[in-house]
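What follows is the residue order along each chain.
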Amino acid sequence: MKSLDASKFIRFLDSTVTTIAALFFLAVIACGAYCIWDSTLVYSAADSSNYTPYKPSADNSMSFEELRALNPDVFGWIEIYGTAIDYPLVQGETNDSYINTDVFGNYSLSGAIFLDSSKPKNFSDFLSIIYGHHMDQNKMFGDIDLFQEEEFFNSNQSGRLYFDDKDHELEIFSYVECDAYDPLIYGSYEGEKRQEFLDAIESKSKYYRDIGLSVNDHIVILSTCDYSYTNGRMVLLARIRK
């Protein structure tokens, strides 16, 4: 009789373990499916095509005004030719404002492309910094890593910066890999210090193109994370021209 009870207990225990294992397996599948679904939503929200209807152009200026009406922090547009970087520009009260907030003011892990909160929107400073998340699938500033290849850097030399209701050409002249606290890239350069930057940037660059920079130029820095090392940054520099 005791042997029969033990046999029943063993069968019950075996059935319980099998059920728990099956439930755990189903939970893992469900978790994986949710992660894939959630990731798809994040990348979909970051796609530049979401903003195409609002892109400023000669025959479509009203749509950009509509975007500015939706969010007064919108003030411009940036496009780097040969890449998927083609986004509205915003500026928040702080540099944390658009880390996890999209152009429409909604919570989003992809954030937005934003100008440093300390810089004037007319890019009148010698150096202006624009930030964006480094994302896969060519989203946000993910395509800055394309400039890691010298051939791509040499073949893609320009872009467009729209602000003050005018288009401005971007002349790309440098690609830099540095950390988030690099004093050359993220320092303040006004007055006599401008020449210090011009003297040092070529040696700092992984790739550099001589375009005849002067202390009277206005330079924009596109900055995104480089996840290959702690606090790493990938940086693209361009001169702004009318």
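Everything that follows concerns the structure shown earlier in this document.
The structure contained in this document is the topic of the report that follows. (Residues numbered from 1 in each chain as written. Predicted model: local features only at pLDDT ≥ 70, side-chain atom pairs only at ≥ 80, totals over all residues. Heavy atoms only, no water.)

Let us now look at the packing of aromatic side chains. The relative placement of two aromatic rings is captured by the distance of their centres and the angle of their planes. Within the structure shown, the criterion is met by 14 aromatic pairs. Ring centres of Phe123 and Phe163 lie 4.7 Å apart, and the angle between their planes is 50°; this geometry places the pair in the tilted category. Of this pair, Phe123 sits in the loop between β3 (114-115) and β4 (127-131) while Phe163 sits in strand β5 (residues 158-163), and the two are 40 residues apart along the sequence. Each member of the pair Phe123 and Phe163 is classed as buried. Against the face of Phe153 rests Arg209, its NZ or CZ located 4.3 Å from the ring centre. (Phe/Tyr/Trp six-rings, centres within 6.5 Å; stacked < 30°, edge-to-face > 60°. Helix = DSSP H or I, 4+ residues; strand = E, 2+ residues; numbered from the N terminus. Buried < 20%, exposed > 50% of the residue type's maximum accessible area, 1.4 Å probe, protein only. Lys NZ or Arg CZ within 6 Å of the ring centre and 35° of its normal.)

Quick look at the environment of Phe141 now. Checked against the element boundaries, Phe141 lands in the loop between β4 and α3 (150-155). Classification of Phe141 by relative accessible area gives buried; the value is 0%. In this structure, the C-alpha to C-alpha distance between Phe141 and Ser223, residues 82 residues apart in sequence, is 8.0 Å. In this view, Phe141 contacts Ile85, Ile113, Ile130, Tyr131, Gly132, His133, His134, Leu222, Ser223 and Thr224; residues no more than four positions away in its chain are not counted. (Contact = heavy atoms within 4.5 Å.)

Right, let's get into unusual backbone geometry. A positive phi is found at Phe123, a non-glycine position, where the angle reads about 55°. Since its relative accessible area comes to 2%, Phe123 is described here as buried.

Phe123, Ile130, Leu161, Phe197, Ile219, Leu222 and Leu237 are the most contacted members of the largest nonpolar core, which has 61 residues in total. Residue contacts for Phe123: discarding those within four places in its chain leaves Phe75, Leu89, Leu115, Ser128, Ile130, Leu161, Phe163, His218, Val220 and Ile240. (Core = buried A, V, L, I, M, F, W, Y, C linked by side-chain atoms within 4.5 Å.)

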